[in-house]
Amino acid sequence: MKRYVSSRLLQLIPVLFGVTILTFALLSLAPGDPAQKKLSAQGIAVTKDVLLETRKEMGLDRPWTLRYASWLSDLLHGDLGNSYKDGTPVAGKLIKAMKYTGILAISAFLLALVVSLPLGIYCGVKKDGFLDRIIQLLCLAGNAVPGFLLAVLLIYLFCIRLKVFPIIAKGTVQGLFLPTLTLALPLASRLTRQVRASVLNQMEMEYVDGAKARGVLKPYILIFHILRNAMISILTVFGLSIGTLLGGSVVIENIFMWPGMGKVVMDSITARDYPVVQGFVLVMAMIYVIINLLVDISYHLLDPRLEEI
């Protein structure tokens, strides 16, 4: 196991290197001048001389390859650079915003998990029943509705009609409910279908018939045999859903003005604040790879036979 984890962590290095260099190159090719954006935001008249001087101060007068090498050198020393917009450290901005994104992502994931596991198990056990068909129809609708449209519908219902939640979240507990629900509903729909499919697949295995023939109670078979064996495929979807959850939070955070990393990076893209965008991409890539590593490790814990592979 230690060798496997070490190998995966070493594989993280070229992945992050490729992600950062690709992002840096694409940002350099993007239209717009960060120096001009900075001067305009500060209310300074953008003349040719002032613009050239500002570009020199920001290091934008150098080729992107040299700027990337300088950024990478600073990164190896634990420095993500400073924001073009206000000169504050990028790491501080991201750490502050990460707390809010983490709260939103964890709350949405837990809500989706609490909903999807019992519903998926029930639908698998009561296949083709009336409630199973209703739940499958609702899951299909939950999967089909785009996140931004769902957010608008929830705002209209809970904020405008019922007036029980604020439209602008502002990082409050009350403001957390709607963005959490917006992210959790589509995720719960996907997870419910996967749990149902995994349970059905395991129920058709011969070991289930053998356990029933020996008189083992059905709840025991379901919890300690079917669910345990189905958990590997379920965990795969859980791991892949993390990326979807983090990606979807970028849009949802901006709709509800939730002060997370999605809100920060969208504001930074508008302001051409490339150091913040680069730092965001690096952090998201690390989170995604590490979560998938944890999912892979859980495979070995659930099925010791994988140790032999």
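The coordinates are above.
Residues numbered from 1 in each chain as written. Predicted model: local features only at pLDDT ≥ 70, side-chain atom pairs only at ≥ 80, totals over all residues. Heavy atoms only, no water.

Enquirer: Tell me what's going on with unusual backbone geometry, and back it up with residues and numbers.
Expert: Notably, Lys163 is not glycine yet its phi reads approximately 55°, a positive angle. Among the structural elements, Lys163 can be located in the loop between helix H7 (147-161) and helix H8 (173-203). A relative accessible area of 67% places Lys163 in the exposed class. In this model, Met257 sits at a positive phi of 60°, which is unusual for a non-glycine residue. Here Met257 shows up in the loop between helix H10 (218-256) and helix H11 (261-270). Using a relative accessible area of 38% as the deciding quantity, one classes Met257 as partly exposed. (Helix = DSSP H or I, 4+ residues; strand = E, 2+ residues; numbered from the N terminus. Buried < 20%, exposed > 50% of the residue type's maximum accessible area, 1.4 Å probe, protein only.)

Enquirer: Provide a residue-level description of the nonpolar core, including the pertinent values.
Expert: One broad rule of soluble globular proteins: the nonpolar side chains tend to lie buried together. Core analysis: the largest hydrophobic core is formed by 71 residues, its most contacted members being Leu94, Leu245, Phe256, Met261 and Phe280. Sort the elements by how many residues they give to this core and H10 lands first, with 15 residues. Non-local contacts of Leu245, meaning those with residues more than four positions away in its chain, are made with Ala105, Ala108, Phe109, Leu183 and Leu187. (Core = buried A, V, L, I, M, F, W, Y, C linked by side-chain atoms within 4.5 Å. Contact = heavy atoms within 4.5 Å.)

Enquirer: Explain the side chain of Asp273 to me, and be specific about the residues and the numbers.
Expert: Within the secondary structure, Asp273 is located in the loop between H11 and helix H12 (274-302). Buried charge Asp273 goes without a salt bridge, the closest partner of opposite sign being Lys93 at 4.1 Å. Beyond its immediate chain neighbours, meaning those up to four positions away, Asp273 contacts Ser83, Tyr84, Lys85, Lys93 and Ser268. (Lys, Arg positive; Asp, Glu negative; His and termini not counted. Salt bridge = Lys/Arg side-chain N within 4 Å of Asp/Glu carboxyl O.)

Enquirer: I'd like a rundown of the packing of helix H5 (residues 90-125) against H8, residues and numbers included.
Expert: Between two packed helices, what matters for the description is the angle formed by their axes and the separation of those axes. In contact at an axis separation of 6 Å, H5 and H8 are set at 35° when each is read in the N-to-C sense. Crossing of H5 against H8: the hand is right-handed. Residue classes in the contact of H5 with H8 are distributed as 24 nonpolar, six polar and one charged. (Axes fitted to C-alpha atoms, helices over the stretch in contact; angles between N-to-C directions. Left-handed = near helix turned anticlockwise from the far one by under 90°. Nonpolar A, V, L, I, M, F, W, Y, C, P; charged D, E, K, R; others polar.)

Enquirer: Please provide a residue-by-residue account of the pattern of salt bridges, values included.
Expert: Side-chain pairing between opposite charges can occur once the charged atoms of the two side chains come close. For the coordinates displayed, the defined rule picks out four salt bridges. Of the charged contacts, one joins Asp86 and Lys93 as a salt bridge, the two residues approaching to 3.3 Å between their closest N and O atoms. Here Lys93 falls in the partly exposed class, since its relative accessible area comes to 23%. Note that Asp267 is salt-bridged to Lys263, the shortest N-O span being 2.7 Å. Within this pair, Asp267 and its partner Lys263 are both found in helix H11, separated by four residues, close to a single helical turn. Judged by relative accessible area, Asp267 falls into the partly exposed class, the value being 34%. What makes Lys263 buried here is its relative accessible area of 16%.

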